[in-house]
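What follows is each chain in one-letter form.
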Amino acid sequence: MDEYLKIMRRSPFFAGIDDEEIKEMLHCIDGKAESYKKDEFIFRTGDSTERIGLILSGSVLIIQEDYWGHRNVIGKCGPGDYFGESFAATPGSVLNVSVLASEDTEVMMLNVRKMLTTCSSACDHHNRMVRNLIGVMADKVLFLNEKITHTGKHTTRDKLLSYLSSEAIRRQSRSFDIPYDRQQLADYLGVERSAMSAELSKLQKEGIVKTKRSHFEIL
């Protein structure tokens, strides 16, 4: 467990909580480390859960699939990121997304009910975690609003430029890597991969962007 403390420390769930307090909190909120193989589902659409997943290693895709198997990538999460918090914190809710390991992945599962029920000693670090959870859920709303901004554009070109502009601003750099491969990026933006690839080729020819695999540079 000690090897994952650095990752947990940088997670917003444990902001302001030191290593010894984190160890105490994991016991208090029934933290359990679980391993998943590549392409294994962690949660499926229709599941209900009381647990939030905090990624210790590897990565996961948050996806929506319709009856015909069309896939929409909501986001990709790596070490220190989290998933399932909104559903776990809402009694009786069921997931309208699935969570899929995109590589061999280890996840710390945290019981949100125990998070929200402060312990008898009302310890300061437990109270901080409750405040952190509120911040985490607010951040997720902002993330989804950003995705709506990108996918709400009318053309594939505009969706690409909206996403790349947002990433450049967020990274404060014209040169950056994105967390998606080409298919995942197309699924995230809700466009056909072939149409997206054609637009990327046009953008490169026009001298607007330069790209190789998951690396982009805005010119």
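Here the structure is shown first, and the text comes after it.
Residues numbered from 1 in each chain as written. Predicted model: local features only at pLDDT ≥ 70, side-chain atom pairs only at ≥ 80, totals over all residues. Heavy atoms only, no water.

Student: Describe in detail the pattern of salt bridges, supporting the description with residues and values.
Tutor: One pass over the full model with this rule turns up 7 salt bridges. Residue Arg157 pairs with Glu206 through a salt bridge whose shortest N-O separation is 2.6 Å. Pair noted here: Arg157 is in helix α6 (residues 156-171) and Glu206 is in the loop between α8 (193-205) and β10 (209-212), with a separation of 49 residues, a long-range link. Residue class for Arg157 comes out partly exposed when judged on its relative accessible area of 23%. Given the relative accessible area of 46%, Glu206 is considered partly exposed. One salt bridge in this structure joins Arg171 and Glu167, with 3.1 Å as the shortest N-O distance. Here Glu167 and Arg171 lie together in helix α6, a separation of 4 residues that amounts to about one turn. Residue Arg171 is classed as partly exposed on the basis of its relative accessible area, which comes to 33%. Each of Arg157, Glu199, Lys202 and Glu206 takes part in salt bridges that share partners, so that together they form one network. (Salt bridge = Lys/Arg side-chain N within 4 Å of Asp/Glu carboxyl O. Helix = DSSP H or I, 4+ residues; strand = E, 2+ residues; numbered from the N terminus. Buried < 20%, exposed > 50% of the residue type's maximum accessible area, 1.4 Å probe, protein only.)

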